[in-house]
Structures are given as C-alpha cells and as structure tokens.
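Residue-level listing of the chains:
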Amino acid sequence: MRAQSFLELMRFVGTTMATDADAKKRRTALAALELARREVTIGVGTGSTVNLFIDALAAQPGSVRRAISSSEATSARLRAAGLEIADLNEQSGIGLYVDGADEATPARQLIKGGGGALTREKILAAAAQRFVCILDDSKMVATLGRFPLPIEVIPMARALVGRELGARGGRPVWRKGFVTDNGNHILDVHDLEITDPVTLERELNQIAGVVAVGLFAVRPADLLLIGTADGVETR
C-alpha cells in the first residue's frame, strides 16, 4: 500500500469514534472493502452506510476502479472518489454487490428502500453473483416489518396501489415531495405483518402499478457484515 493511501485510510479509520453507530458502520465498510479488492467491477448501493464504504474506497485509490451504481447520488459520490461508472447493459454480470439495509433477519432477508433506490438496488442484486449487505446491529430483527416497507409505484397508480395495500392490512403513506431516479413515487407501508417475506414479495409484485417492492427475500443477501461494539459479525 502506498504511504499516502495508508495515511488516508488511517484518517478514515480515525473518524470511527464519532458515534457508536458510525463506528459500527465504518467497521463493516472496511470489511466490505477487503472483499471488493478482488473484483474488477462492483455494484454499489445507496444509503448512509454505503456512503461510508465509498469513503473507504476513496481513502485507498485504485483498490476498485469501476462500479455500477444504484442511484444518481451514489454515482456522483463514486465519481468524486475517482471511480469509473459502468453500464450494467455492457457487463455480463457483477461479481460483488455491496449495499446496506433498513432491516435484516438472520436468514439474510431484508427491507430496503429507505433511500428510495430500491428498484435499481433490486436489479443489481439480481445481477450479482454475491450480494453483501453491510449494516450495524441495530438493523437486525427477528421478523421484518418494524421499518415501513417502501414500494415504488407508477404515479398514476399510487391511489390504486394504496387501496390494495390497505386491503392487505397495510397503512400506506405517500412519501410526498420525493421522486425516484426512475420518475416514480414511493409508498411507505406501515403495520404489515411480514411472517412470510417470500410469498408477500411475490404477491405485492403482482399489483398493477407496482414497480418494485422493498422486500429482498426472493433474492436475499448472500452475506451480512454486521457492525457490533466488538467488531464485525458475519452471517
């Protein structure tokens, strides 16, 4: 490792004690960086924990050269870190996809979409040989549903989808003022009982007007890197 790169990494690590939660997230970011070094092109998700992973990439220039991004915000951050942005359509696949989650179970099933990039995140997860989810231990749950389930919908179908979700016992709330990078709306669904995530994901995907559901259960993460007070737990 070049001396300057080492110093940059040490400055990155040196900020880990800003808060306990940040310290946990940064530990997972560094653990994911070790996996990413083996890849030519990686997929990168969206969110606060992923931003710390991108900061780790920036602290070690050349560790990864090219990335496929799940959002315009992530693309801008990756470019600032010196990475080339690749087009998924020009790739045969992705070896590694790194992203965070709003909730995760021990079975590696997730709720994602708090940042509104769930559709592109779902595409990258489907394209990846290995999906690594980085998160701190506060995001671990026995059953999904404490965090409202984000669903991306076609704008003209927002009310229709909302009624269908209400009939299933959910309480959909339109994320007003937010438009996805795909030009769509988000409904955050409260009070859903998610006892069978795979079945629910498939059922919700069939509602006319739904673009993507923030359940990642049909295609769960392959590996969880969980930041704890004592280090990083893998699952």
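Preceding this section is the structure that the text describes.
Residues numbered from 1 in each chain as written. Predicted model: local features only at pLDDT ≥ 70, side-chain atom pairs only at ≥ 80, totals over all residues. Heavy atoms only, no water.

Quick look at the overall build of the protein chain
Move 1: Within the protein chain, the regular secondary structure consists of seven helices and 14 strands.
Move 2: Scaling as 2.2 N^0.38, a compact globule of 235 residues should have a C-alpha radius of gyration of about 18 Å, and the protein chain matches this with 18 Å.
Move 3: C-alpha atoms of the protein chain, sized along the principal axes, occupy 60 × 40 × 30 Å.
Move 4: Burial status across the protein chain gives 51% buried among its 235 residues.
Move 5: Relative to all contacts within the protein chain whose residues are 6 or more apart in sequence, the contacts with residues 24 or more apart total 71%. (Helix = DSSP H or I, 4+ residues; strand = E, 2+ residues; numbered from the N terminus. Rg over C-alpha atoms; globule rule 2.2 N^0.38 Å. Buried < 20%, exposed > 50% of the residue type's maximum accessible area, 1.4 Å probe, protein only. Contact = heavy atoms within 4.5 Å.)

Quick notes on the packing of aromatic side chains
Move 1: Under the definition given, this model contains two aromatic pairs.
Move 2: Sitting over the ring of Phe216, Lys112 keeps its end group 5.5 Å from the ring centre.
Move 3: The positively charged end of Lys122 is found above the aromatic ring belonging to Phe216, 4.8 Å away from the centroid. (Phe/Tyr/Trp six-rings, centres within 6.5 Å; stacked < 30°, edge-to-face > 60°. Lys NZ or Arg CZ within 6 Å of the ring centre and 35° of its normal.)

Overview of the sheet that holds strand E6 (residues 110-111)
Pairing between sheet strands relies on hydrogen bonds along the backbone, with the strands arranged either parallel or antiparallel.
Move 1: The three strands are arranged E5-E6-E12 in an open sheet whose pairing can be described as antiparallel. This sheet does not close on itself; its edge strands, each paired only once, are strand E5 (103-104) and strand E12 (215-216).
Move 2: Bridging between E6 and E12 involves two bridges; their strand directions are antiparallel. Its bridge partner being in E12, Ile111 is matched across the sheet by Leu215. (Pairing = 2+ DSSP bridges.)

Here's the deal with unusual backbone geometry
Move 1: One non-glycine residue, Arg108, lies in the positive phi region at around 70 degrees.
Move 2: Secondary-structure assignment places Arg108 in the loop between E5 and E6.

Some thoughts on the nonpolar core
Move 1: Ile42, Val44, Phe53 and Leu57 are the most contacted members of the largest nonpolar core, which totals 24 residues.
Move 2: Looking at this core, the elements that each hand over two or more residues are helix H2 (20-36), strand E1 (41-44), helix H3 (48-59), strand E4 (94-99), strand E7 (128-136) and strand E13 (223-228).
Move 3: If one sorts the elements of this core by residue count, H3 sits on top with six residues.
Move 4: Once residues within four sequence positions are removed from consideration, Leu57 is found in contact with Leu33, Ile42, Ser63, Val64, Leu78 and Leu83.
Move 5: Core analysis: the next-biggest nonpolar cluster, separate from the first, contains 19 residues, Leu144, Leu187, Val189 and Ile207 among them. (Core = buried A, V, L, I, M, F, W, Y, C linked by side-chain atoms within 4.5 Å.)

Focus on the side chain of Glu201
Move 1: Here Glu201 lies in helix H7 (residues 197-205).
Move 2: Given the relative accessible area of 5%, Glu201 is considered buried.
Move 3: For Glu201, the contacting residues outside a window of four places in its chain are Lys122, Val213, Leu215, Phe216, Ala217 and Val218.

A closer look at the sheet that holds strand E8 (residues 149-153)
Move 1: Across the sheet, four strands lie side by side as E9-E10-E8-E11; this open sheet has antiparallel pairing. Looking at strand neighbours, the two that pair on one side only are strand E9 (171-174) and strand E11 (210-213), the edges of this open sheet. Between one strand axis and the next, the sheet turns through 30 degrees on average, direction left out of account.
Move 2: Across the sheet, helix H6 (residues 158-167) lies against E8, E9, strand E10 (185-190) and E11, angled at about 15 degrees from E10, the strand it touches most. (Axes fitted to C-alpha atoms, helices over the stretch in contact; angles between N-to-C directions.)

Overview of the pattern of salt bridges
Move 1: Tallied over the full model, the rule gives 13 salt bridges.
Move 2: Note that Arg77 and Asp55 form a salt bridge whose closest N and O atoms lie 3.3 Å from each other. Pair noted here: Arg77 is in helix H4 (residues 72-80) and Asp55 is in helix H3, with a separation of 22 residues, a long-range link.
Move 3: Classification of Arg77 by relative accessible area gives partly exposed; the value is 33%.
Move 4: In this structure Asp55 comes out as partly exposed when scored by relative accessible area, which is 26%.
Move 5: Linking Asp222 and Arg219 is a salt bridge whose minimum nitrogen-to-oxygen distance equals 2.9 Å. (Salt bridge = Lys/Arg side-chain N within 4 Å of Asp/Glu carboxyl O.)

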